[in-house]
Every structure is written in structure tokens, then in C-alpha cells.
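Residue strings, one per chain:
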Amino acid sequence: MRSFKVYYCRGLRVKVDDITILLDPLTSSAVRADLVLVTHAHSDHAKGYLRSSLRSLVISSEITKSIVEKVSRKRALNVKIISEGQRISLGKFTVQALNAGHIMGSLQYLIEFPDLTICYTGDINLVDSLTERRGDIPSGVDVLILESTYGHEDFVFPPRSEIYSSILSWIEKHTGKGEVVVLGGYALGKGQELTALMKEIKDKIMVSNKVLLYNKIFEEKKFSLNNYIPLSSPEAKEILKAGGVIIVPHIELRKKTPYVLSRILGINKVPKVAVCTGWAASSRMFFAIKKAYNVDALFPLSSHADVEQLLLYVDEVRPRIVYTAHGFAKKLAKLIRWKLGIKARKVLDSRQMSLFKYVKHI
Ligand SMILES: [Zn+2]
């Protein structure tokens, strides 16, 4: 019988007997870990990548390493690269990587002991998109550590093809009148998906510097995207006189009026603005986001699974127990117990853990 626990301590931490594994740590660990697993390059998952590397072996995809190094302009040390489907043996256990379908280079991990298999999903998306293949569904899992960003009944996304059509119709409606359209989303992930979607638009599109950086990496590692040019280029200024499409990180749109935005973007027209985010699927959140971002339209395009996909995934994996982390963790654990009859609980943080002295024997 093994002792097992999972808890938050500046990122997720798994302990199996005397082995400590850090999952997407946010800082360097005070204790030496046996292994650090990084699922993808979003900052809320890769923050500890460079800081951890001096102390412990880090495993990630080659794309994740490349993004972290390019953005930080530092070299990551003590890293072992893993590819989808590959299995690395680390003595008492092995690590296998599966596709997560979230952003370029994103992985799920299977940590396999002879008598215990743990799956950590990181952020997952379970439908095909223009840029990513849907995440894999593992088998033989005892303990599933599952992301729960949209683990609430409010978050059911329409089919992706419908969302794509809505975005394109909205763009055509405005660019047809010579207007400038600004689309906001995460620069890493959504930026490439939106750029790929703009293949349907005949003209060149403009992207901000952040989106440009990730588009270039995507093209270097995966495949060619649409005909896009930097927003800062003289050509972009010319094109935008007659209207056009600009893709920017959504965070740059927050609390800015369209007029202020036109000044920042250096365009002489007040643009129409839309944000693409899974939060838009909730009618309760819809108006709050619309106000915060001061936008004309919102589209529920997400790089995460919605609640229905998460439940289908758990139902197919059928683990002995599920630990939910991030977002609606408590709510999703309740839904899994109630709808699927599978044991599920939210991951606690280290202070709660010491309070309850919770150690699960598996
Ligand atoms: Zn992410």
C-alpha cells in the first residue's frame, strides 16, 4: 500500500511515499523535488520553469521549453524534453506524455508506478480546433488530477464551427463597411487560432507584437498560419485606412474606450472590438466582461474544455478518484460525484492539508 497526497504549495505537489513531484510550480521549491513536470507555457503554469531547473530535473515538451526561453531570454537548465506518446523511465516510476489540445506544446502527464497510475491534465481542450488536435484520453488511471477552469454548469460552449462562423460573420459585417475590427484573446493559443481563422478573410490581417512573437514560434514548430503582418508596420497603417482586422492580447483591451484604443493602436478610426473567452458562455458573466473590456461583442471561444467535455472525459477515464484543481474545483468535484458516481474532491492547499493531516492510502 502506498501513501499518496496531492496539495497546493506554490503550484501542485504530489507525494507518493518518499517521492515528491512538482506539477507546474509557480516558484522554486524550498525542498528538493525528485521531478518537476511543466504542462505548457502559459505563465500560470510555467512560472517556476526556470527557477526550478537548477534544483530538480524538469520535464516538458520542446515547444514549451522554446517559448519559455524566448520570452525570458534565459536558458533553461536540467531539462529533459518529452514528446507526445513518449515514456521516460526515472527508476521507481515512469512518466508518459499525452497531447492536451490546449495550446502549442501542451501536454498531460501519466506518472506510472508499478501499482499506481496518476494522470495530471494541466489545462486541456477536448475538441479539435484549427490549431490543436483535441486532448488524448488516457486509460488505466487510478488518480486523476483534473483542471476545472470551466467546471460549472454555466459553461457549455457551442460547437466550435458555430463559434468560428459567428466571429467571421461579425467581422464581415463591420469590415464590409470599411471599419477596423479588433479581436482580443490570449496571445499564446487564441492568438494563433484567430490568425488561422482569418484565412477566411481575403485581406492581410494585422497582429500586435505579442501575437506576432507566438505566431512565429507556432509557424517554426507546427505549420504556416494566415497572411498576417505586424501592426507596427507602415503597410498596416495603409491597409487600415480602408478598414481591416487586428488581433491583440485581450488584456490590452481592458478598461479602454474604443477611442483610447484607436490612439494606442495608432489608427485613425474608432474600432469595433470583440473578446474571445470561455467566460462569455455564462450569461451571468457575459455583461460583467462586456463592461470590463468595453467591447461590442464577446465570443465563447476557449482553449479549455467546458463542463460537459470535462464530465465526458472523466466518464471515459473512470479513475478511482479525481482531484480537481483551478477554477470551479469544488463545483466540478460535486458534479463528478453526483453525475458519475466517482469519488472526487478539490485539491487543498498545504495549510489545509496540515490542518486535516490528510494522507490517502492507495
Ligand atoms: Zn493554459
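Residues numbered from 1 in each chain as written. Predicted model: local features only at pLDDT ≥ 70, side-chain atom pairs only at ≥ 80, totals over all residues. Heavy atoms only, no water.

**With respect to helix 8 (residues 258–265)**
In plain terms, the rule: Relative accessible area decides the class of each residue, using a 1.4 Å probe on protein chains only: under 20% of the type maximum gives buried, over 50% gives exposed, and in between gives partly exposed. Where helices and strands are cited, they refer to DSSP runs of H or I of at least four residues and of E of at least two residues respectively, numbered from the N terminus. By arc we mean the arc of the directions from the helix axis to the C-beta atoms, nothing more.
Within helix 8, burial applies to P258, L261, S262 and L265. What you see down the axis of helix 8 is that its buried residues fit within an arc of 100 degrees, all on one side. Turned more than 90 degrees away from the buried face of helix 8 sit R263 and I264, all of them exposed. Just downstream of helix 8, G266 is the residue with a positive phi angle, here 70 degrees.

**A closer look at the packing of helix 5 (residues 190–197) against helix 6 (residues 209–221)**
Helix-helix packing is characterised by the crossing angle of the two axes and by the distance between the axes. Spelled out, the test is: Only the contacting stretch of a helix is used when fitting its axis, a line to C-alpha atoms as for every element, and angles between N-to-C directions run 0 to 180 degrees. Geometric relationships in this document are graded by angle, where less than 35 degrees denotes roughly parallel, more than 145 denotes roughly antiparallel, 65 to 115 denotes roughly perpendicular, and other angles denote oblique. Any two residues whose heavy atoms approach within 4.5 Å are treated as being in contact. In the scheme used here, Gly and all other residues not listed as nonpolar or charged are polar, with Ala, Val, Leu, Ile, Met, Phe, Trp, Tyr, Cys and Pro taken as nonpolar and Asp, Glu, Lys and Arg as charged.
Contact geometry of helix 5 with helix 6 gives a least axis separation of 9 Å together with a crossing angle of 75 degrees. Between helix 5 and helix 6, the angle falls in the class roughly perpendicular. Residues G191, Q192 and T195 of helix 5 form the contact with helix 6, whose participating residues are V211, Y214, N215 and F218. Residues that form the contact of helix 5 with helix 6 fall into these classes: three nonpolar, four polar and no charged.

**Regarding the layout of surface pockets**
What counts here: Here a cavity denotes grid points, spaced 1 Å and computed from the protein atoms alone, that fit a 1.4 Å probe unable to get out, and a pocket denotes an open set having protein on both sides within 12 Å along at least 5 of 7 lines; residues with an atom within 4 Å of a point are the lining. Grid points are joined across faces, edges and corners, and a volume is the space filled by probe spheres set on the points.
There is about 210 Å³ of room inside the second largest pocket. Looking at the second largest pocket, the residues that line it are E172, T175, E200, I201, K202, D203, K204, I239, A242, G243, G244 and V245. Counting only elements with at least two residues in the lining of the second largest pocket, the list comes to helix 4 (160–175) and strand 15 (244–249).

**Here we look at the sheet that holds strand 12 (residues 180–185)**
Through backbone hydrogen bonds, the strands of a sheet pair up, either in parallel or in antiparallel fashion. Heads up, the rule is: In this scheme, strands are said to pair when DSSP sees at least two bridges between them.
Across the sheet, six strands lie side by side as 14-13-15-12-16-17; this open sheet has parallel pairing. Strands at the two margins of the open sheet, each flanked by one partner only, are strand 14 (228–230) and strand 17 (297–299). Taken over all neighbouring pairs, the strand axes of this sheet differ in orientation by 25 degrees on average, direction set aside. For strand 12 and strand 15, the ladder comprises six bridges, and the chain directions are parallel. Looking at the pairing, G184 lines up with V248 of strand 15. Most of the contacts of helix 4 go to strand 12, to which it runs at about 150 degrees, and overall it touches strand 12, strand 15, strand 16 (272–276) and strand 17. Strands strand 13 (205–207), strand 14 and strand 15 of the sheet are contacted by helix 6, whose axis makes an angle of about 135 degrees with strand 14.

**Looking at the nonpolar core**
Stated precisely, the cut-off is as follows: For this analysis, a nonpolar core means a set of buried residues of the types Ala, Val, Leu, Ile, Met, Phe, Trp, Tyr and Cys, connected via side-chain atoms within 4.5 Å. In this entry, domain limits derive from an automatic or database-based domain assignment.
Core analysis: the largest hydrophobic core is formed by 45 residues, its most contacted members being I167, I171, L183 and M198. Here the element with the most residues in this core is helix 4; it accounts for six residues. A domain split of this core shows at least three residues from each of domain 1 (3–154 + 304–361) and domain 2 (160–299). Residues contacting I171, with those up to four places away along its chain left out, are G176, V181, L183, M198, I201 and V245. Listed in part, the 29 residues of the second largest apolar core include V16, I19, I82 and A97.

**Considerations on the environment of I82**
Here I82 lies in the loop between strand 6 (79–81) and strand 7 (87–89). Classification of I82 as buried rests on a relative accessible area of 1%. Sequence separation between I82 and Q309 is 227 residues, and the spatial gap between their C-alpha atoms is 26 Å. Setting aside chain neighbours within four positions, we find I82 in contact with I59, S60, S61, E62, I88, V95, Q96, A97, L107 and Y109.

**Description of the domain arrangement of the protein**
How we decide: In this description, buried area is defined as the sum, over both parts, of the accessible area (probe of 1.4 Å) that is lost when the two are combined.
By domain assignment, the protein separates into domain 1 (3–154 + 304–361) and domain 2 (160–299). Distance from the C-alpha centre of domain 1 to the C-alpha centre of domain 2: 31 Å. Taken together, the 22 residues of domain 1 in the interface contact 23 residues of domain 2. Contact between domain 1 and domain 2 buries roughly 1900 Å² in total, counting both sides, with carbon and sulfur atoms accounting for 67%. Interface area lost by domain 1 to domain 2 is led by M104, L130 and T131, which between them contribute 33%.

**Considerations on the coordination of the zinc ion**
Just so we agree on the cut-off: Each metal site lists N, O and S donors within 2.8 Å (3.2 Å for Na, K and Ca). With water left out of the atoms, a site can look as if it is missing ligands.
Listed as protein donors to the zinc ion are H40 (NE2), H42 (ND1), H102 (NE2) and D123 (OD); their distances from the metal cover 2.2 to 2.3 Å. Between the donor residues of the zinc ion, the gaps in sequence give the motif H-x1-H-x59-H-x20-D. Comparing H40 with H42 shows no difference in burial state: the two are buried.

**As for the side chain of H250**
Position of H250 among the secondary structure elements: in the loop between strand 15 and helix 8. In this structure H250 comes out as buried when scored by relative accessible area, which is 11%. Residue contacts for H250: discarding those within four places in its chain leaves G184, G185, Y186, V275 and Y293.

**Notes on the side chain of E147**
Stated precisely, the cut-off is as follows: Between N or O atoms, a polar contact is any pair within 3.5 Å; within protein, one atom must be a potential hydrogen donor and the other a potential acceptor, and residues adjacent in sequence are included only when both atoms are from side chains.
With respect to the secondary-structure elements, E147 resides in strand 11 (residues 143–147). Engagement of the side chain of E147 in a polar contact is seen with the side chain of T149, the distance being 2.6 Å. Ignoring sequence-local partners within four residues, the contact set of E147 consists of T121, G122, D123, I124, H304, A305, L310, A325 and L332.

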